[in-house]
Amino acid sequence: MPSTYHAPSRCPVCGGTVEFTRVNCAGCGTEMTGRFALCRFCALEEKHLRFIETFLRCRGSIKDVERSLGVSYPTVRGMLEASLAALGLDGGGQAPQQPSDVLEQLENGEINAETAIQTLGKGK
């Protein structure tokens, strides 16, 4: 029976990167051992995965994402920036977010305090 759990990317004890050393095939039962790296998307938090799925389903239309999620344009932009940052793709040279947008995202629970501080720090 396939697992319905998202594979952890961080150790729950020390916060270090988790390394997978055993993989098996659900179809034929073949087992492999070694050092297997997770893909970039496998390490994302569920909220980023949900946002990226919605963004793709909306074909990249921020207006459609706004409607689908019931949030404002600045909130969608913040969610996009947070997802890009989580993927390590945030160095695109775009203008920094306005502090009011970051605070709105923080208030709505879309980003945590650490992300807000990092985002506000980039505007310096």
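Here is a short report on the structure shown in this document. (Residues numbered from 1 in each chain as written. Predicted model: local features only at pLDDT ≥ 70, side-chain atom pairs only at ≥ 80, totals over all residues. Heavy atoms only, no water.)

Counting its secondary structure elements, the protein chain contains 5 helices and 2 strands. The order of α-helices and β-strands along the protein chain, N terminus first, is β-β-α-α-α-α-α. Of all intrachain contacts in the protein chain linking residues separated by at least 6 positions in sequence, the fraction that spans at least 24 positions is 38%. When the accessible surface of the protein chain is split by element, carbon and sulfur atoms take 55% of a total near 8900 Å². (Helix = DSSP H or I, 4+ residues; strand = E, 2+ residues; numbered from the N terminus. Contact = heavy atoms within 4.5 Å. Areas by Shrake-Rupley, 256 points an atom, 1.4 Å probe, with all protein chains shown as cover.)

In this structure, Leu 44, Phe 51, Ile 52, Cys 58, Ile 62, Val 65, Val 76, Met 79, Leu 80 and Leu 87 together form the largest nonpolar core, which totals 10 residues. Counting residues per element, the ones that place at least two in this core are helix H1 (46-57), helix H2 (62-69) and helix H3 (73-86). For this core, the element with the most residues is H3, which contributes 3 residues. Dropping the residues within four chain positions of it, Phe 51 is found in contact with Val 65, Leu 69, Val 76, Met 79, Leu 80 and Ser 83. (Core = buried A, V, L, I, M, F, W, Y, C linked by side-chain atoms within 4.5 Å. Buried < 20%, exposed > 50% of the residue type's maximum accessible area, 1.4 Å probe, protein only.)

Every α-helical turn comprises 3.6 residues, leaving residues that sit three or four positions apart pointing alike. Taken as a whole, helix H4 (residues 99-107) has its buried residues at Asp 101, Val 102 and Gln 105. End-on, the buried residues of H4 take up no more than an arc of 100°, which puts them together on one face. Looking at the residues trailing H4, positive phi occurs at Gly 109, about 75°. (Arc of directions from axis to C-beta.)

This model, assessed by the stated rule, comprises 6 salt bridges. As a salt-bridge pair, Arg 35 and Glu 19 come within 2.9 Å of each other at their nearest N and O atoms. Of this pair, Arg 35 sits in strand E2 (residues 31-36) while Glu 19 is found in the segment before strand E1 (20-24), placing the two residues 16 residues apart along the sequence. Take Arg 35: its relative accessible area is 69%, and that puts it in the exposed class. (Salt bridge = Lys/Arg side-chain N within 4 Å of Asp/Glu carboxyl O.)

Here Arg 59, not a glycine, exhibits a phi torsion of approximately 55°, which is positive. Note on placement: Arg 59 falls in the loop between H1 and H2. The exposure class of Arg 59 is exposed, given its relative accessible area of 73%.

Moving on: a nonpolar patch on the surface. The grouping of Leu 103, Leu 106 and Leu 120 at the surface amounts to a nonpolar patch, some 230 Å² of accessible area in total. With respect to the element layout, Leu 106 can be found in helix H4. (Patch = residues over 30% accessible without salt bridge, like charges linked within 9 Å, V, L, I, M, F, W, Y side chains within 5 Å.)

Relative to the 20 Å expected for 14 residues at 1.5 Å per residue, H3 spans 20 Å between its end C-alpha atoms, a close match to the ideal helical length. On the buried face of H3, the contacting elements are H1, H2 and H4. Phi for Gly 88, located one or two positions after H3, is positive at around 75°. (Expected span 1.5 Å × (residues − 1).)

With that out of the way, let us pick up the environment of Val 23. By the secondary structure assignment, Val 23 is in strand E1. On the accessibility criterion, Val 23 (30% relative accessible area) is partly exposed. As for Val 23 and Phe 36, which are separated by 13 residues in sequence, their C-alpha atoms are 8.4 Å apart. Those residues in contact with Val 23 that sit more than four places away from it in its chain are Thr 30, Glu 31, Met 32 and Phe 36.

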